[in-house]
Amino acid sequence: MTFWIDTHCHLDAAELAPDAPAVRARATARGVAHCVLPAVAVGNFDAVRQLAQDAGDSYALGIHPLYVAQAADADLARLDAELWRYRADPHLVAVGEIGLDFFVPELCQGPLRERQEYFYVEQLKLARKHDLPVLLHVRRSADRLLKGLRAHASGKPWRGIAHAFNGSEQQAHAFIALGLKLGFGGAFTYERALQLRRLAAALPIEALVLETDAPDMPPRWLYQGAVERAAGVPQGRNEPAELPRIGAELATLRGLSAQELARATTRNALLALPRLASSIAVPARVPDAI
Ligand SMILES: [Zn+2]
């Protein structure tokens, strides 16, 4: 069976947590062999670790830019302590989800913007200190994120993923040049996402990984427009089981078979997050060239 990795899903989110085992089982049944669960705040560190350990999946620890307003400075010390405490846990694969969000107007200026930048930079330093990759949240913030990565590289390439990438071609190449992979998910499945579809089709295959960002970012086939919603049709729930269909759409855009795309993106995920190798059951089938 084709082997897929969902490099970014929030199985602990309120929409999915109540039936997380069933959600995970549906994904497995469709060939999603592994999920990476990022944290968003110290309050969900235990939840992502537990879910990942229970299912043989992976997790990341970090403070998401949309949560820095509620975060205390002490949360950075707690993150540092947890990264140290779980350093030998093979399920812990990255620092994330960290980054900058300049989409939400209140967060773009004044003290909250400064706080976002402070948490981002401090967490980059922690990733370097603990020698872990990063899972980056990028929303209208690619240039600032790149600046931080360059300033804190300490002479080594970065590893990790710019998740839900939605920037320009130039920004895409800048992330790639620094050592990062780019996460593609439901957003490119919309016909109107012309720029993103063009990038998904044309960027080097070595740069791409797949993600659902479940329960966010529903792919086209789960999204109900205004007319359907008014008629009472509920939005479909995005979950990791959607990943193979997202992957198949990307394969079509690139003129590859789903199997070839799965193999390439799995190999890329292992390069972005090297610790995945220890929890993935069939690594021997992964590395062949497409
Ligand atoms: Zn996320």
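Residues numbered from 1 in each chain as written. Predicted model: local features only at pLDDT ≥ 70, side-chain atom pairs only at ≥ 80, totals over all residues. Heavy atoms only, no water.

What am I meant to see in unusual backbone geometry here?
If a residue is not glycine, its phi is most likely negative; likewise, a peptide bond is most likely trans. In this structure, the amide linkage connecting Gly-96 to the following residue, Glu-97, adopts the cis form with an omega of 10°. As for its placement among the helices and strands, Glu-97 is situated in strand β4 (residues 92–101). A cis amide bond links Ala-214 with the next residue in sequence, Pro-215, at an omega value of 5°. Looking at where Pro-215 falls in the secondary structure, it is placed in the loop between β8 (208–210) and α8 (226–230). Positive phi is not limited to glycine here, since Ser-154 has a value of about 50°. Looking at the secondary structure, you find Ser-154 in the loop between α5 (142–151) and β6 (160–163). Here Ser-154 falls in the exposed class, since its relative accessible area comes to 56%. Residues other than glycine seldom take positive phi values, yet Asp-213 does so here, at roughly 55°. (Helix = DSSP H or I, 4+ residues; strand = E, 2+ residues; numbered from the N terminus. Buried < 20%, exposed > 50% of the residue type's maximum accessible area, 1.4 Å probe, protein only.)

Explain the coordination of the zinc ion here, please?
Around a metal, the ideal angle is 109.5 degrees if four donors adopt a tetrahedral arrangement and 90 or 180 degrees if six donors adopt an octahedral arrangement. Coordination of the zinc ion by the protein comes from His-8 (NE2), His-10 (NE2) and Glu-97 (OE), over a distance range of 2.1 to 2.2 Å. Sequence positions of the residues that donate to the zinc ion give the spacing H-x1-H-x86-E. Taken together, the residues His-10 in the loop between β1 (4–6) and α1 (20–29) and Glu-97 in strand β4 connect sequence positions 87 residues apart. A relative accessible area of 8% means that His-10 is categorised as buried. (Donors = N, O, S within 2.8 Å, 3.2 Å for Na, K, Ca; no water.)

Help me understand the packing of helix α7 (residues 194–202) against helix α9 (residues 243–254), please; the structure alone is not making it clear to me.
The N-to-C vectors of α7 and α9 enclose an angle of 75°; their axes lie 8 Å apart at closest approach. Of the possible angle classes, the one that applies to α7 and α9 is roughly perpendicular. Here Arg-197, Ala-200, Ala-201 and Ala-202 of α7 lie close against α9, whose contacting residues are Leu-250, Leu-253 and Arg-254. Along the lines of polarity and charge, the residues of the contact of α7 with α9 split into five nonpolar, no polar and two charged. (Axes fitted to C-alpha atoms, helices over the stretch in contact; angles between N-to-C directions. Parallel < 35°, antiparallel > 145°, perpendicular 65-115°, else oblique. Contact = heavy atoms within 4.5 Å. Nonpolar A, V, L, I, M, F, W, Y, C, P; charged D, E, K, R; others polar.)

What's the story with helix α2 (residues 45–55) in this structure? I'm lost.
Think of an α-helix as turning once every 3.6 residues; residues three or four places apart then point the same way. Taken together, the buried positions of α2 are occupied by Phe-45, Val-48, Arg-49 and Ala-52. End-on, the buried residues of α2 take up no more than an arc of 100°, which puts them together on one face. Looking at the residues trailing α2, positive phi occurs at Gly-56, about 70°. (Arc of directions from axis to C-beta.)

Is there a simple way to think about the nonpolar core in this case?
Generally speaking, soluble globular proteins have nonpolar side chains that are buried together. Of all hydrophobic cores here, the largest spans 70 residues; its most connected members are Leu-61, Leu-136, Leu-149, Phe-175 and Phe-184. Excluding residues within four positions of it along the chain, Leu-149 makes contact with Tyr-120, Leu-124, Leu-136, Trp-158, Phe-175, Leu-178 and Leu-180. (Core = buried A, V, L, I, M, F, W, Y, C linked by side-chain atoms within 4.5 Å.)

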